[in-house]
Amino acid sequence: FKGDVSMVDKKLDYLMQHAVDGLIVFMSEQAWDGMERLAELDIPVLMINSPAQIAGVDRIQVEDYKSVETVVAHFAVAGHRRIGILAAPQNDFVARERLAGAEDAAAAYPQVQLVTAIGDYSRSSGYNGAKELLSQGITALLVTNYNMAMGALEYLQASGDPRGRQLLLAHYDYTSEMAELRNDRIIIKAPTKKIGQLSAERLLLRMNDTSLTESASLSVANDIFGIPDK
């Protein structure tokens, strides 16, 4: 259900016409007109990374808030006082969760100031956001989106700014594409295989046991690399 949410009903009609046995809905918009229709389908339905709670529809939530909170707290404990976060647009549920995790972690340390910039998911906004935040004297930076992280790394590689070489960097990553660009990074990775496995297991459970009626809400932790003992 990527893109225009006004098309959701048409997409649902298409899938049901093809006699699917289960449905996984992966969209983070909080709601769309007709969302309650998911509860009326006669097949198991599971939503990923959505705050919506619908009767009979299972949910899997990735622990983005907790992951970002952990990383920013690590920055603070390591002695960083001006911490930058390059966040995605706040009309997206996942983006709000990630920024909230950073804000709450920083608030627990009175000596820490969180400096925020908002990007638009693009590489160019990552490049410009890193430039803006570095100019404000940050010593640690968390980028909450993969494409923006690539742009931020491009800026740090190209600018020659000595502050960039000393910067402690953390970001979301889903591939190994940036592995050679910088070694001293903290990386948050969504456990995509685990999410897929858990989704399939839950749908199959419902398919095989039609007596299950109550919704299940499951959480999955991100993997964090680069923090000791993680």
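For the structure itself, consult the block above.
Quantities reported herein were computed from a predicted structural model and do not represent experimental measurements.

Draft legend 1. Molecular detail of the overall build of the protein. Each helix and strand in the protein was counted, giving seven helices and ten strands. The 230 residues of the protein split such that 45% are buried. Element-wise, carbon and sulfur atoms account for 50% of the exposed surface of the protein, whose accessible area totals about 11,700 Å².

Draft legend 2. A look at the packing of aromatic side chains. Applying the stated rule across the entire model yields one aromatic pair. Between Tyr127 and Tyr155, the ring centres sit 5.2 Å apart and the planes meet at 85°, which makes this aromatic pair edge-to-face. Highlighted residues: Tyr127 in helix α4 (residues 123-135) and Tyr155 in helix α5 (residues 146-159), separated in sequence by 28 residues. With relative accessibility at 30%, the residue Tyr127 sits in the partly exposed group. Note on Tyr155: relative accessible area 10%, which makes it buried. Lying over the aromatic face of Tyr172, Arg98 brings its terminal NZ or CZ to 3.7 Å of the ring centre.

Draft legend 3. Structural view of helix α2 (residues 64-77). End to end, α2 covers 20 Å across 14 residues, agreeing with the expected 20 Å (1.5 Å per residue, within 8%). Those residues of α2 lying buried are Asp64, Ser67, Val68, Val71, Val72, Phe75 and Ala76. With its phi angle positive at about 105°, Gly79 sits one or two positions after the end of α2.

Draft legend 4. Quick peek at the packing of α2 against helix α3 (residues 93-107). Following both chains from N to C, one finds α2 and α3 inclined at 35°, their axes separated by 7 Å at the closest point. When you trace α2 past α3, the crossing you get is right-handed. When α2 is examined against α3, the residues Asp64, Tyr65, Val68, Glu69, Val72 and Ala73 are found in contact with a partner set consisting of Val94, Glu97, Arg98, Ala100, Gly101, Ala102, Asp104, Ala105 and Ala106. For the contact of α2 with α3, a count of residues per class yields nine nonpolar, one polar and five charged.

Draft legend 5. Structural detail: the environment of Ala130. Checked against the element boundaries, Ala130 lands in helix α4. In sequence terms Ala130 and Leu142 are twelve residues apart; their C-alpha atoms lie 9.7 Å from each other. Those residues in contact with Ala130, other than ones at most four positions away along the chain, are Leu86, Leu141, Ala152 and Tyr155.

Draft legend 6. How the structure looks around the nonpolar core. Val71, Val72, Phe75, Ile83, Leu142 and Ile186 are the most contacted members of the largest nonpolar core, which has 23 residues in total. Elements supplying a minimum of two residues to this core: α2, β4 (82-87), α3, β6 (140-143), β7 (168-172) and β8 (185-189). Of all the elements, α2 adds the most residues to this core, at five residues. When neighbours within four sequence positions are excluded, Ile186 is seen to be in contact with Val71, His74, Phe75, Leu169, Ala170, His171, Ile224, Phe225, Gly226 and Ile227. The next biggest cluster of nonpolar side chains, apart from the first, holds 19 residues, and it includes Ala88, Val115, Ile138 and Leu156.

Draft legend 7. Expanded view of the pairing of strand β2 (residues 45-48). A two-sided burial pattern is seen for β2, the buried positions comprising Val45 and Met47 on one face and Leu46 and Ile48 on the other. Here four bridges tie strand β1 (residues 23-26) to β2, and the two strands are oriented parallel to one another. When the bridges of β2 are listed, Leu23 appears paired with Val45. Bridge analysis of β2 against strand β3 (residues 58-62) gives three bridges, and the strand direction is parallel. Looking at the pairing, Ile48 lines up with Ile60 of β3.

Each value, and the rule that gives it
- All residue numbers refer to positions counted from 1 along the written sequence of the respective chain.
- Only residues with pLDDT of at least 70 are given local features in this predicted model, and only at 80 or more are side-chain atom pairs given and counted; all residues enter the totals for whole chains, interfaces and linings.
- The side-chain values count all of the structure's non-hydrogen atoms but skip hydrogen atoms and water molecules.
- Comment: elements are numbered from the N terminus, with helices defined as DSSP H or I runs of at least four residues and strands as E runs of at least two.
- The buried label goes to any residue with under 20% of its type's maximum accessible area, the exposed label to any with over 50%, and the partly exposed label to all in between, with areas taken from a 1.4 Å probe on protein chains only.
- Residue-level accessible areas treat just the shown protein chains as cover; the underlying method is Shrake-Rupley with a 1.4 Å probe.
- Stacked, edge-to-face and tilted are the three classes for Phe, Tyr and Trp ring pairs, Trp counted by its six-membered ring, which pair at centre distances within 6.5 Å; planes under 30 degrees apart are stacked, over 60 edge-to-face, the rest tilted.
- We count a charge as sitting over a ring when the NZ of a lysine or the CZ of an arginine lies within 6 Å of the ring centre and within 35 degrees of the ring normal.
- Multiplying 1.5 Å by the helix residue count minus one yields the expected span of that helix.
- Here an axis means a line fitted to C-alpha atoms, over the contact stretch when the element is a helix, while the angle between two N-to-C directions is reported on a 0 to 180 degree scale.
- Handedness of a crossing follows from how the near helix is turned relative to the far one, being left-handed for an anticlockwise turn of less than a right angle and right-handed for a clockwise one.
- Contacts are assigned to residue pairs that have any heavy atoms within 4.5 Å of one another.
- Amino acids are sorted into nonpolar (Ala, Val, Leu, Ile, Met, Phe, Trp, Tyr, Cys and Pro), charged (Asp, Glu, Lys and Arg) and polar (every other residue, Gly among them).
- What is meant by a nonpolar core is a set of buried Ala, Val, Leu, Ile, Met, Phe, Trp, Tyr and Cys residues, joined one to another through side-chain atoms within 4.5 Å.
- In short, DSSP must find at least two bridges between two strands for them to pair.

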